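One-letter residues, chain by chain:
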Amino acid sequence: MALKALDIYKLLPKKNCKECGDPTCLTFAMKLAAGKADVDLCPYLDTNAKSVLGATTRPPIKLVKLGVGERSFGIGEEFVLYRHDKTFYHPPGIMFKIKDTQSEEEIMAVTARVRDETLTRVGTDLKFNGVVIVNTSGTVEAYTKAVAAVEKTAGLPEILVSDNPAALTAALSLCGSYHPTLCAATPENFRQMCALAKQHSCRLVIRAPSLEALAQLAKDCVSEGVTNLLLDPAPQTLGDFINRSTAIRQLAITRAVPDLGYPVYLDATGFPDEDAAIALGIVKYASVIVTSPLSLASAKAALTLRQNIYTDPQKPIQMNPGLYKVGTPGKDAPVLMTVNFSLTYFTLQGYIESSRIPCFMLIVDTEGLSVLTSVAAGKLNETLVRDAIKKFGVENEVSHRKLIIPGYSAPLSGRIEEATGWKVLVGPRDAAEIGDYLHEQWKP
Ligand code: SF4
């Protein structure tokens with residue numbers, strides 16, 4: 001990386017003028033080498049240097065924004081093949097398919113569901129991302145009615161799917177200002193599709209059955225002036241999808257085939273096992289996944305998997321340390337201490353709520369590590385607990401001096417008692433048992 005930064009530095013104007021926001025050209029070069037700055041920030045670069053540097057320092061997969069307004073979302077701009085090498089940045093949009101052969105009521109109901117449905121997990125609201133309107137009827141009239149029903153219901157990111165340019169043109173007259181995504185340009189129709197996409201600043205899904213043809217098509221669309229592309233590798237089977245999507249990611253991030261440096265599109269509804277297709281799409285590099293309106297179980301599975309895969313593996317999701325109330329705890333309510341790993345917090349909180357015993361939760365800062373890991377690593381210790389009790393004023397909230405600690409931190413019980421002066425009660429190892437424990441054991 002040092003060499004690369006030095007190579008970049010050689011191409012910079014070396015004025016050290018700070019206009020790029022960096023104190024020197026060298027620090028700017030180092031940022032460029034790490035992919036953390038854009039060459040356009042330096043106004044003194046000549047066109048040739050800019051194009052050389054742009055090709056090597058810009059993200060290998062283009063960031064493409066779908067939709068406008070608060071529900072818009074970005075896809076692409078990924079750098080690695082394996083999540084543990086760094087992280088995955090932009091979760092795939094999961095978009096529900098609507099057919100123009102459905103009734104207006106059905107179309108509005110699916111759209112409203114995407115607009116409103118939220119799954120809250122570990123403190124984060126998870127939502128679906130938009131709708132994909134398919135011209136199944138083949139007619140302009142049915143298609144415009146379907147698009148109008150969607151527009152009437154919500155301002156969501158949309159993908160318009162049709163082989164009929166007249167149907168797309170009519171639909172764009174209704175929703176063109178929202179810059180929907182058009183699907184799909186092929187080697188046969190790309191000029192016509194590009195003209196439409198350019199006219200309405202649309203994103204464009206391009207489809208070809210081989211990677212060579214897809215790369216050529218991307219190049220052709222860029223020459224036509226359309227640069228916000230999504231790649232549909234037209235898989236016939238799930239095996240096809242894994243092979244082609246993995247190859248696209250590999251060729252893009254190594255910059256071996258820069259023309260494949262765009263997000264991947266997957267229509268999961270075309271496979272016999274749609275749930276499997278969705279799961280593969282999430283783990284194997286799809287950036288837009290088209291699904292039928294999912295059952296509650298499938299929806300939860302998809303949203304949960306997506307959240308897990310797109311969480312930075314080096315940064316556990318953390319709670320802010322503090323004293324949290326569950327219900328309306330009084331002066332004699334139990335105080336349960338635990339770590340600030342979000343999953344631990346929300347799991348325990350859920351079980352406490354079910355127990356219907358109002359409690360205080362004292363969350364200590366273990367930098368997001370779980371109980372077992374933080375005890376093993378020495379992060380969870382008596383000093384941390386003593387300081388947290390003082391810092392968050394626990395003594396002012398309750399009249400007793402009893403602290404319930406997680407079962408896996410039992411080896412620390414004596415030291416915590418000594419450091420805090422509080423009587424330590426060792427709770428269960430499994431959060432699911434906290435309700436029974438409190439009902440049977442808690443006496444202020
Ligand atoms: Fe150097 Fe360009 Fe930054 Fe000025 S704007 S410090 S010339 S890199």
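Conventions and cut-offs
- Residues numbered from 1 in each chain as written.
- Predicted model: local features only at pLDDT ≥ 70, side-chain atom pairs only at ≥ 80, totals over all residues.
- Heavy atoms only, no water.
- Helix = DSSP H or I, 4+ residues; strand = E, 2+ residues; numbered from the N terminus.
- Buried < 20%, exposed > 50% of the residue type's maximum accessible area, 1.4 Å probe, protein only.
- Contact = heavy atoms within 4.5 Å.
- Lys, Arg positive; Asp, Glu negative; His and termini not counted.
- Charge placed at Lys NZ, Arg CZ, Asp CG, Glu CD.
- 1 Å grid on protein atoms, 1.4 Å probe; cavity = no way out; pocket = protein on both sides within 12 Å on 5 of 7 lines; lining within 4 Å.
- Points joined across faces, edges and corners; volume = space filled by probe spheres on them.
- Nonpolar A, V, L, I, M, F, W, Y, C, P; charged D, E, K, R; others polar.
- Domains from an automatic or database assignment.
- Polar contact = N/O pair within 3.5 Å; in protein donor to acceptor, adjacent residues only side chain to side chain.
- Salt bridge = Lys/Arg side-chain N within 4 Å of Asp/Glu carboxyl O.
- Phe/Tyr/Trp six-rings, centres within 6.5 Å; stacked < 30°, edge-to-face > 60°.
- Arc of directions from axis to C-beta.

Observations regarding the overall build of the protein chain
- Scanning the protein chain from terminus to terminus reveals 17 helices and 17 strands.
- A burial count over the protein chain gives 48% of its 444 residues as buried.
- When contacts within the protein chain are restricted to residue pairs at least 6 apart in sequence, long-range pairs at least 24 apart make up 64% of them.
- Taken as two groups, the 47 positive and 47 negative side-chain charges of the protein chain have centres that lie 6 Å from each other.

A few points about the layout of surface pockets
- By volume, the largest pocket amounts to about 910 Å³.
- Along the walls of the largest pocket sit 35 residues, with Arg58, Pro59, Pro60, Ile61 and Arg255 positioned nearest its centre.
- No other element matches the 6 residues that helix H3 (residues 47–57) contributes to the lining of the largest pocket.
- Partitioning the lining of the largest pocket into residue classes produces 18 nonpolar, 8 polar and 9 charged.
- No fewer than three residues from each of domain 1 (5–57) and domain 2 (64–309) sit in the lining of the largest pocket.

Here's the deal with the side chain of Thr144
- Tracing the sequence through the fold places Thr144 in helix H5 (residues 140–153).
- In terms of polar contacts, Thr144 uses its side chain to reach the backbone carbonyl oxygen of Glu141, at 2.9 Å.
- Each residue touching Thr144, except ones within four places of it in the same chain, is listed here: Ala170, Ala171 and Leu174.

A look at helix H6 (residues 165–175)
- Along H6, the residues that are buried comprise Ala167, Leu168, Ala170, Ala171, Leu172 and Cys175.
- Tucked inside the fold, the buried residues of H6 contact H5, strand E7 (158–161), strand E8 (181–185) and helix H7 (190–199).
- By the N-cap criterion, in which a side-chain oxygen at the helix start approaches the backbone nitrogen of a residue two or three places on, H6 is capped by Asn164, the distance to Ala166 being 2.9 Å.

As for the pattern of salt bridges
- The tally for this structure, following the rule as stated, stands at 14 salt bridges.
- Of the charged contacts in the structure, one is a salt bridge between Arg386 and Asp387, with a shortest N-O distance of 3.2 Å.
- According to the relative accessible area criterion, Arg386 is partly exposed, its value standing at 35%.
- Residue Lys390 is joined to Glu395 by a salt bridge in which the shortest nitrogen-to-oxygen separation is 3.2 Å.

Quick look at the domain arrangement of the protein chain
- Looking at the protein chain, the domain boundaries give domain 1 (5–57), domain 2 (64–309) and domain 3 (322–441).
- For domain 2 and domain 3, the distance between their C-alpha centroids amounts to 45 Å.

Regarding the packing of aromatic side chains
- Tallied over the entire structure, the rule returns 6 aromatic pairs.
- Ring plane angle 50 degrees and centroid distance 5.6 Å describe the contact between Phe88 and Tyr310, whose orientation is recorded as tilted. Taken together, the residues span a long stretch of sequence, with Phe88 in the loop between strand E2 (73–75) and strand E3 (93–99) and Tyr310 in the loop between helix H11 (296–309) and strand E13 (322–326) at a distance of 222 residues.
- Taking relative accessible area as the criterion, Phe88 reaches 6% and is therefore assigned buried.
- Taking the relative accessible area as the measure of exposure, Tyr310 reaches 12% and is therefore buried.
- Taken together, the ring pairs connect Phe88, Tyr285 and Tyr310 into an aromatic cluster.

A word on the environment of Ile389
- Topologically, Ile389 is positioned in helix H14 (residues 382–391).
- You can call Ile389 buried: its relative accessible area is 3%.
- As a C-alpha pair, Ile389 and Val364 span 25 residues in sequence and 9.1 Å in three-dimensional space.
- In this view, Ile389 contacts Leu362, Val394, Glu395, Leu403, Thr420 and Trp422; residues no more than four positions away in its chain are not counted.

Some points on H14
- Three or more residues of H14 are buried, namely Val385, Ala388 and Ile389. Each buried residue of H14 lies within a common arc of 100 degrees when the element is viewed along its axis, so the set occupies one face. Seen from the open side of H14, the exposed residues pointing more than 90 degrees away from its buried face are Lys390 and Lys391.
- Taking the backbone nitrogen of Thr383 as reference, a side-chain oxygen 3.2 Å away marks Asn381 as the first, capping residue of H14.
- Gly393 sits one or two residues past H14 and shows a positive phi near 60 degrees.

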